[in-house]
Amino acid sequence: MRRGILVRGPCRPPNPLSPLDFRPELPPVTPPAPQLVSTPTAPAAPAEDPVKLAEFEARIARGESIEPKDWMPERYRRQLVRMMSQHAHSEIVGMLPEGNWITRAPSLRRKLSLLAKVQDEAGHGLYIYCGAETLGVDRGELVADLLSGKAKYSSIFNYPTLTWADVGVIGWFVDGAAIVNQTALAKHCSYGPYKRAMVRVCKEENFHKKQGFESIATLAAGTPEQRRMAQDAVDRWWWPSLMMFGPSDADSPNSAELMRWGIKKYSNDELRQRFVNLTVPQAQAVGLTLPDPALAYNPETGNWDFGPIDWDEFWAVVKGDGPCNADRLAARNRAHDEGAWVRDAATAHAAKQAGRAAGAARAA
């Protein structure tokens, strides 16, 4: 690959740049066979009632919110299920790159803030799964699709966190990119439950971004070795962060339809450009260099122009050939299997409570 980011081998290779990289030996991970992180082609949506469809599109044009009990085209529902489940999966899988550093954070303060952040991401995933269930889909099926490798999640989480600086850059870049995307959803998404869910999520993601940026600013102002570690993390995470917004508008199979129905307000390229415009001044403020020699301010557009993205790398990761795809799926499957007793206990408790309630009702 052009930038040398997409590497083979262990998901946690050693990195000599890190003065804080005091990792213990980790047990080897035996991943499942490589699987594609893609969604099978769904059957064609049925033909819709043209009158109802026209009424629905008129509501979208008026900026009205669509609620779970409202009539909606099947294609609209499927697009929402795809988008919301992918978002929820990304929150859950996104716990893994940073969770690996909770026990090795350089101070108690950093440990506590990182622990709180990872806990937030778990909550976001559950919150969005609940939103997806309002569309009539079963959460168990969504999780099964993730564990089998059928469902998509954000490609950014298939990259390794090699040093403590990576945790800061994830907060700064990855959560910063998420805020750009999710703020637009919180303000403009036509589906009410998803729009409302994003209000809370965005508030917490703003905390995550501030946490990451403050950590990177501290490293950038630290020893020469810490500064090199911060710059190395920026170099490795910048381009994958730009890929987070999805393929370019010309190659995106879903953006036009999502925008037509008001699920998305802005295209992938518009959101990506906003992220670049916000991040360049932040990098300048801490004295770090974004790894793009073509990066330049364009006074005519008011934007920062940036170089071409390596879409071959993007699609390789999406198709399951990234540095950590197999490792991430193996970790999620292992956690799911080890948590079976909790699910069984909760199910048994619910059945017992239902039996008691039924008995009390009969006695009355």
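Let us look at the structure shown here. None of these values were measured; they are calculated from a predicted model. (Residues numbered from 1 in each chain as written. Predicted model: local features only at pLDDT ≥ 70, side-chain atom pairs only at ≥ 80, totals over all residues. Heavy atoms only, no water.)

## Some points on the overall build of the chain
Part 1 of the argument: Counting secondary structure elements, the chain contains 13 helices and 2 strands.
Part 2 of the argument: Going through the 364 residues of the chain one by one, you find that 48% of them count as buried.
Part 3 of the argument: Sequence separation of at least 24 residues holds for 80% of the intrachain contacts in the chain that already meet a minimum separation of 6.
Part 4 of the argument: Carbon and sulfur atoms form 58% of the exposed surface of the chain, whose accessible area is close to 17600 Å². (Helix = DSSP H or I, 4+ residues; strand = E, 2+ residues; numbered from the N terminus. Buried < 20%, exposed > 50% of the residue type's maximum accessible area, 1.4 Å probe, protein only. Contact = heavy atoms within 4.5 Å. Areas by Shrake-Rupley, 256 points an atom, 1.4 Å probe, with all protein chains shown as cover.)

## Considering helix H10 (residues 268-286)
Part 1 of the argument: Taking 1.5 Å of rise per residue, 19 residues should cover 27 Å, and H10 covers 27 Å from first to last C-alpha, within 8% of that figure.
Part 2 of the argument: Regarding H10, the residues found buried are Asn-268, Leu-271, Arg-272, Gln-273, Phe-275, Val-276, Thr-279, Val-280, Ala-283 and Val-286.
Part 3 of the argument: If you follow the buried residues of H10, they end up packed against helix H6 (164-188), helix H7 (192-220), helix H8 (224-243), helix H9 (255-260), strand S2 (303-305) and helix H11 (311-318). (Expected span 1.5 Å × (residues − 1).)

## Comments concerning the pattern of salt bridges
Part 1 of the argument: The tally for this structure, following the rule as stated, stands at 18 salt bridges.
Part 2 of the argument: Among the salt bridges present, the one from Arg-236 reaches Asp-166, with a minimum N-O distance of 2.7 Å. Taken together, the residues Arg-236 in helix H8 and Asp-166 in helix H6 connect sequence positions 70 residues apart.
Part 3 of the argument: Between Arg-200 and Glu-204 there is a salt bridge, with the nearest N and O atoms lying 3.6 Å from each other. Within this pair, Arg-200 and its partner Glu-204 are both found in helix H7, separated by 4 residues, close to a single helical turn.
Part 4 of the argument: Judged by its relative accessible area of 49%, Arg-200 falls in the partly exposed class.
Part 5 of the argument: Salt bridges here are not isolated pairs; linked through shared partners, they connect Arg-59, Arg-62, Glu-64 and Asp-70. (Salt bridge = Lys/Arg side-chain N within 4 Å of Asp/Glu carboxyl O.)

## Side note on the environment of Asp-70
Part 1 of the argument: Note that Asp-70 resides in the loop between helix H1 (50-61) and helix H2 (74-93).
Part 2 of the argument: Each C-alpha atom of the pair Asp-70 and Phe-56 lies 9.2 Å from the other, and the pair is 14 residues apart in sequence.
Part 3 of the argument: A distance of 2.9 Å separates a polar side-chain atom of Asp-70 from the backbone nitrogen of Glu-67. (Polar contact = N/O pair within 3.5 Å; in protein donor to acceptor, adjacent residues only side chain to side chain.)

## Observations concerning the packing of helix H4 (residues 108-133) against helix H5 (residues 139-148)
The relative placement of two packed helices comes down to the angle between their axes together with the axis-to-axis distance.
Part 1 of the argument: Between H4 and H5, whose axes approach to 9 Å, the crossing angle comes to 120°. Relative to H5, H4 is oriented oblique. Touching Leu-126, Tyr-129, Cys-130, Ala-132 and Glu-133 of H4 are Arg-139, Leu-142, Val-143 and Leu-146, all from H5.
Part 2 of the argument: Here the contact of H4 with H5 is composed, by residue class, of 7 nonpolar, no polar and 2 charged. (Axes fitted to C-alpha atoms, helices over the stretch in contact; angles between N-to-C directions. Parallel < 35°, antiparallel > 145°, perpendicular 65-115°, else oblique. Nonpolar A, V, L, I, M, F, W, Y, C, P; charged D, E, K, R; others polar.)

## Focus on empty space enclosed by the protein
Part 1 of the argument: Going through the model one piece at a time under the given rule, you end up with 3 cavities of 30 Å³ or more.
Part 2 of the argument: When its volume is computed, the largest cavity comes out at roughly 60 Å³.
Part 3 of the argument: Together, Glu-98, Arg-110, Leu-114, Lys-117, Trp-164, Val-167, Gly-168, Gly-171, Gln-211, Gly-212 and Ser-215 line the largest cavity.
Part 4 of the argument: Elements with a minimum of two residues in the lining of the largest cavity: H4, H6 and H7.
Part 5 of the argument: Element by element, the count of residues in the lining of the largest cavity is highest for H6, at 4 residues.
Part 6 of the argument: The residue inventory of the lining of the largest cavity, partitioned by class, reads 3 nonpolar, 5 polar and 3 charged. (1 Å grid on protein atoms, 1.4 Å probe; cavity = no way out; pocket = protein on both sides within 12 Å on 5 of 7 lines; lining within 4 Å. Points joined across faces, edges and corners; volume = space filled by probe spheres on them.)

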